[in-house]
Amino acid sequence: MTIEGNDFADRDFRRGVWRQTATTVALLTTIDAEGRPNVMACEWAMMVSHAPMHFVVSVGPRHVSHATIEAAGEFGLSFCADDQANLSHIAGSFSMRDTDKWSLAPFPTYEAKHIRAPMIEGALLNVECRVIATQPLGDHTVFTAQALWARYEPEKRPLIYHQGKYWYVGAQVPKE
């Protein structure tokens, strides 16, 4: 069965379109003016330029992270390894407004080199980012950031998010 159309105002249609995408899950870290760290699951995070290296994240204004990114002008991105689904689930299921997410799971962190926010240890890829542009876009803001420092672990595999569930990367598909 094929579903098609342009009724993007319909929540079920939008959700169906969105669930056909697959993304690498990132944990976005920030720190507020009082020095309190925050972590949120950020499905909409990706590299958009190799040289210079830039990343974008899309964050809704209702999230605590939105205000802290705007105030600090920086954030950390830790792209989850496939053994970090629980961290992503906790970071994406609670708000800093009413829950101390850091107390719900052992979020292993290390001190960043160029930003104030902590980085998540054991991630596939960690990138320290400085915001260079913001663009309101529908019900989100797209923050474009320059990579200041990156660290990756090539033996790790990414955590994939598709159809509202976490997945492992499977076998390589031949090009022909």
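Source: prediction; values computed, not measured. (Residues numbered from 1 in each chain as written. Predicted model: local features only at pLDDT ≥ 70, side-chain atom pairs only at ≥ 80, totals over all residues. Heavy atoms only, no water.)

**A word on the overall build of the protein**
Link 1 in the chain: On a plain count of helices and strands, the protein comes out with three helices and twelve strands.
Link 2 in the chain: Against the compact-globule benchmark of 16 Å for 176 residues, the protein has a radius of gyration of 16 Å, which places it among compact chains.
Link 3 in the chain: Of all 176 residues assigned to the protein, the portion counted as buried reaches 41%. (Helix = DSSP H or I, 4+ residues; strand = E, 2+ residues; numbered from the N terminus. Rg over C-alpha atoms; globule rule 2.2 N^0.38 Å. Buried < 20%, exposed > 50% of the residue type's maximum accessible area, 1.4 Å probe, protein only.)

**Regarding the nonpolar core**
Link 1 in the chain: By size, the foremost hydrophobic cluster in this structure holds 18 residues, and its most contacted members are Leu28, Val57, Phe75 and Leu77.
Link 2 in the chain: Counting residues per element, the ones that place at least two in this core are strand S2 (26–31), strand S3 (37–42), strand S5 (54–59), strand S6 (74–79), strand S9 (125–137) and strand S10 (140–152).
Link 3 in the chain: Excluding its chain neighbours within four sequence positions, the residues that come into contact with Val57 are Leu28, Cys42, Trp44, Ala45, Phe75, Leu77, Thr141, Val142 and Phe143.
Link 4 in the chain: By size, the runner-up hydrophobic cluster in this structure holds twelve residues, among which are Val39, Ala91, Phe107 and Tyr161. (Core = buried A, V, L, I, M, F, W, Y, C linked by side-chain atoms within 4.5 Å. Contact = heavy atoms within 4.5 Å.)

**What about helix H2 (residues 64–72)?**
Link 1 in the chain: Every buried residue of H2 is listed here: Val64, Ser65, His66, Thr68 and Ile69.
Link 2 in the chain: Considering only its buried residues, H2 is in contact with S2, S3, S5, S6, S9 and S10.
Link 3 in the chain: In the segment just after H2, Gly73 is the residue with positive phi, at about 70 degrees.

**Topic: the sheet that holds strand S12 (residues 165–167)**
Link 1 in the chain: Reading across from one edge, S1-S11-S12 is the order of the three strands in this open sheet, with antiparallel pairing throughout. Strand pairing shows two members of the sheet lacking a second neighbour, strand S1 (22–24) and S12, which therefore form its edges. Direction aside, neighbouring strands of the sheet carry axes that sit 35 degrees apart on average.
Link 2 in the chain: Across three bridges, S1 lies against strand S11 (residues 160–162) in antiparallel orientation. Bridged to Ala22 within S11 is His162. (Pairing = 2+ DSSP bridges. Axes fitted to C-alpha atoms, helices over the stretch in contact; angles between N-to-C directions.)

**Topic: the pairing of S6**
Link 1 in the chain: With six of its six residues buried, S6 lies for the most part within the structure.
Link 2 in the chain: Here four bridges tie S2 to S6, and the two strands are oriented antiparallel to one another. For Ala26, the partnering residue across the bridge sits in S6 and is Phe79.
Link 3 in the chain: Alignment of S6 against S9, held across six bridges, turns out to be antiparallel. From the neighbouring strand, Glu74 faces S9, where its bridge partner is Arg130.

**Observations concerning the sheet that holds S3**
Link 1 in the chain: In space, the seven strands of this open sheet follow the order S3-S2-S6-S9-S10-S5-S4, with antiparallel pairing throughout. At either margin of the open sheet sits one strand with a lone partner, and together these are S3 and strand S4 (45–49). Going from strand to strand, the sheet's axes swing by 35 degrees on average, the running direction of each strand aside.
Link 2 in the chain: As defined by bridge partners, S9 adjoins S10 across twelve bridges and the pair is classed as antiparallel. Along S10, the bridge assignment pairs Pro136 with Thr141.
Link 3 in the chain: Each of S2, S3, S5, S6, S9 and S10 touches H2; the most contacted strand, S2, lies at about 55 degrees to it.
Link 4 in the chain: Where helix H3 (residues 85–93) meets the sheet, its contacts fall on S2 and S3, and the angle it forms with S3 comes to roughly 105 degrees.

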